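# Observations on chain architecture
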Amino acid sequence: MVKADRLLYCSIILFCIVNVVFTVETDLVIVLDKSGSIVQSDFSIAIDFLKDVVTALTIGTSDVQVSVVSFSDTSNEEFALNDHTTQNDVLTALEGLKTSITTNGGTFTPTALNYVQNTSFTAGKGARGSANSVVVVMTDGLSQNAADTTAAADQVRSSISGSVIYAIGVGSDFTSTTQELLNIASDPDDQNVMYVTAYTYICNLVPTLVTKIDNSASASVPNDCAQTTTTVFVGKGGGGATTTTTTPTTTTTTTPTTTTTTTPTTTTTTPTTTTTTPTTTTTTPTTTTTGTTTTPTTTTASQAAAVAGSSSSGSELTSDEMTAIIATSTVGGAVTITTLAYFVIRRVQKKMENRVTKL
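What comes next concerns the included structure. (Residues numbered from 1 in each chain as written. Predicted model: local features only at pLDDT ≥ 70, side-chain atom pairs only at ≥ 80, totals over all residues. Heavy atoms only, no water.)

## A few points about the overall build of the protein
Here is the rule: Counting from the N terminus, the helices are DSSP H or I runs at least four residues long and the strands are E runs at least two residues long. Working definition: with a 1.4 Å probe on protein chains only, accessible area under 20% of the residue-type maximum means buried, over 50% means exposed, and in between means partly exposed. Any two residues whose heavy atoms approach within 4.5 Å are treated as being in contact. Areas reported here follow the Shrake-Rupley algorithm with a probe of radius 1.4 Å; residue values treat only the protein chains shown as occluding.
Assigned secondary structure in the protein consists of 11 helices and 10 strands. Taking all 359 residues of the protein together, the buried fraction comes to 36%. Of the contacts made within the protein by residues no fewer than 6 positions apart, 75% connect residues no fewer than 24 positions apart. Per element, the accessible surface of the protein, about 20,600 Å² overall, is 54% carbon and sulfur.

Encoded structure:
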């Protein structure tokens, strides 16, 4: 029992180490344009895009936290980083924005960025000092004051250590030389600025944005996503643009045609005369041997530990016992780490006992 407890303890420690090493904490604030130039149906498409992104992320207090700040003439925090701690809760909150928000007003982007800097990334709103700070600005048009927008974005970057701003432009107001998007986004622009010609096509950016928020996550373009040309700006000042064109793929499926030919069949019946001959039957005793099928059994690591713990000698494991432990712990030809860890602990313990005995 003592040995089993030690094995359980080591397994828990290993789990905790792996969990800490591979956990990525990110505080994500989405700055969402709700100005009057966006029709309500396009706003709903923007929400669906955000839901697709959130679905691909691991949401939680030790993973990604999400906040949404909407803006037009004024800014409004729809929910803070610590308001929703599960993926389902965040998705439900996003869906609710389709009916709670009516698009109207102007595009006062700097007001929203100032709110993010002063309020969104504070401890009271759930911000974590150890987390990556990520801001995603989604807008369909130029702000009322480009200079103020640039200054507000710079202030976010300088006041929130290590923060990154991604800018997503949608619609005809933006081109490859639109300076405002380039100024909002963190450098380098070829990685942090995205653009699509209409909200219908924003779903093409799901895989790109997901990996930028969490590079250990991945996503695919939704199956019902309309295809288009996505332009990623390169260099501040619009010095050029890299254009990636996605061409819709038409798949034609040809089904083989099977032709069945039926041939008429003519059956001729001939009268048959049957002669019955007496038959002598000799019965020979029969011995039946029933074969036994042995089904291989896959033994778990805990069962392997039980085999080791039941060693009759109570001392160092014999070769046969070691072979039994390894064999019973093999799944697909690989010995489990837990069993090997137990074996090593057992051997070290025995050597220490031998040294004490010699002394």
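## A word on the pairing of strand β2 (residues 64–71)
Threshold: When DSSP finds two or more bridges between two strands, those strands count as paired. Every crossover in which the path from the first strand over the helix to the second runs clockwise, viewed with the strands pointing away from the viewer, is termed right-handed.
Judged by how many residues are buried, β2 sits mostly within the fold: eight of eight residues are covered. What you see with β2 is no split at all: Val-64, Val-66, Val-68 and Ser-70 on one side and Gln-65, Ser-67, Val-69 and Phe-71 on the other are buried throughout. Across eight bridges, the pairing between strand β1 (residues 26–33) and β2 is parallel. Across the sheet, Thr-26 pairs through a bridge with Val-64, a residue of β2. Since β1 and β2 lie parallel, the crossover through helix α2 (residues 40–55) that links them has a hand, and here it is right-handed. One ladder, built from four bridges, connects β2 with strand β3 (residues 75–79); its direction is antiparallel.

## Details of the layout of surface pockets
Basically, it comes down to this: Using protein atoms alone on a 1 Å grid, points that fit a 1.4 Å probe yet trap it form a cavity, whereas open point sets bounded by protein on both sides within 12 Å along at least five of seven lines form a pocket; residues with an atom within 4 Å of a point count as lining. Grid points are joined across faces, edges and corners, and a volume is the space filled by probe spheres set on the points. Residues are grouped as follows: nonpolar covers Ala, Val, Leu, Ile, Met, Phe, Trp, Tyr, Cys and Pro; charged covers Asp, Glu, Lys and Arg; every other residue, Gly included, is treated as polar.
Within this model, the largest pocket holds a volume of roughly 150 Å³. Lining of the largest pocket is provided by Ile-45, Asp-48, Phe-49, Asp-52, Tyr-199, Thr-200, Ile-202, Cys-203, Pro-222, Asp-224, Cys-225 and Ala-226. For the lining of the largest pocket, the class distribution of residues is eight nonpolar, one polar and three charged.

## Remarks on the state of the cysteines
As a reminder, the rule being used: Two cysteine sulfurs form what is called a disulfide whenever their separation falls within 2.5 Å.
Summed over the entire model, instances satisfying the criterion amount to one disulfide. Here Cys-203 engages in a disulfide with Cys-225; their sulfurs sit 2.0 Å apart. Every disulfide takes its handedness from the sign of the S-S torsion; for Cys-203 and Cys-225 that torsion is 85°, giving right-handed. With Cys-203 in the loop between β6 (193–196) and α8 (206–213) and Cys-225 in the loop between α8 and β7 (229–234), the pair connects residues that are 22 residues apart, well separated along the chain. The class for Cys-203 is buried, based on a relative accessible area of 13%.

## Side note on the environment of Asn-223
Inspection of the secondary structure assignment puts Asn-223 in the loop between α8 and β7. We classify Asn-223 as exposed; its relative accessible area is 83%. Considering only alpha carbons, one finds Asn-223 and Cys-203, 20 residues apart in sequence, at a separation of 9.7 Å.

## Quick look at the packing of helix α4 (residues 109–120) against helix α5 (residues 146–159)
Put simply, the rule reads: Note on geometry: axes are C-alpha line fits, over the in-contact stretch for helices, and angles between N-to-C directions span 0 to 180 degrees. For classification purposes, an angle smaller than 35 degrees is called roughly parallel, one larger than 145 roughly antiparallel, one from 65 to 115 roughly perpendicular, and anything else oblique. Crossing handedness: left-handed means the near helix sits turned counterclockwise from the far one by under a right angle, and right-handed means the same turn made clockwise.
Packing of α4 against α5 brings their axes to within 8 Å, and their N-to-C directions diverge by 15°. Taken together, α4 and α5 sit at an angle that is classed as roughly parallel. Read as a crossing pair, α4 and α5 show a hand that is left-handed. Where α4 approaches α5, its residues Thr-109, Pro-110, Leu-113, Asn-114 and Gln-117 are matched on the opposing element by Asp-148, Thr-149, Ala-152, Ala-153, Gln-155, Val-156 and Ser-159.

## Some words on the pattern of salt bridges
Note the threshold: Any Lys or Arg side-chain nitrogen found within 4 Å of a carboxyl oxygen on Asp or Glu counts as a salt bridge.
Under the defined criterion, the tally for this structure stands at six salt bridges. Close ionic contact of Glu-95 with Lys-51 constitutes a salt bridge, the shortest N to O distance being 2.6 Å. Of this pair, Glu-95 sits in helix α3 (residues 87–100) while Lys-51 sits in helix α2, and the two are 44 residues apart along the sequence. Accessibility expressed as a relative area gives 33% for Glu-95, which makes it partly exposed. Residue Glu-95 pairs with Lys-98 through a salt bridge whose shortest N-O separation is 3.2 Å. Taken together, the residues Glu-95 and Lys-98, both in helix α3 and three residues apart, mark about one turn of the helix.

## Some details on the environment of Ser-159
In plain terms, the rule: Pairing of N or O atoms within 3.5 Å defines a polar contact, subject to two protein rules: one partner must be a possible hydrogen donor and the other a possible acceptor, and residues neighboring in sequence count only if both atoms are side-chain atoms.
Relative to the helices and strands, Ser-159 is located in helix α5. Under the relative-accessibility criterion, Ser-159 is labelled partly exposed at 39%. When the C-alpha atoms of Ser-159 and Gln-117 are compared, they prove to be 7.2 Å apart, with 42 residues separating the residues in sequence. At a separation of 2.7 Å, a polar atom in the side chain of Ser-159 contacts the main-chain carbonyl oxygen of Gln-155.

## Notes on unusual backbone geometry
Across the junction of Asp-187 and Pro-188, the peptide omega takes the value 0°, indicating a cis bond. By the secondary structure assignment, Pro-188 is in the loop between α6 (179–184) and α7 (189–192).

## What to know about α3
Stated precisely, the cut-off is as follows: A helix is expected to span 1.5 Å multiplied by its residue count minus one. Starting at the helix axis, one direction is taken to each C-beta atom, and the arc is that of these directions.
Counted at 1.5 Å a residue, the expected span for α3 with its 14 residues is 20 Å, and the 20 Å between its end C-alpha atoms agrees. If you check which residues of α3 are buried, you get Val-90, Leu-91, Ala-93, Leu-94 and Leu-97. The buried residues of α3 occupy one face: seen down the axis, they fall within an arc of 160°. Exposed and facing more than 90 degrees away from the buried side of α3 are Asn-88, Thr-92, Thr-99 and Ser-100. Elements in contact with the buried residues of α3: α2, β2 and β3.

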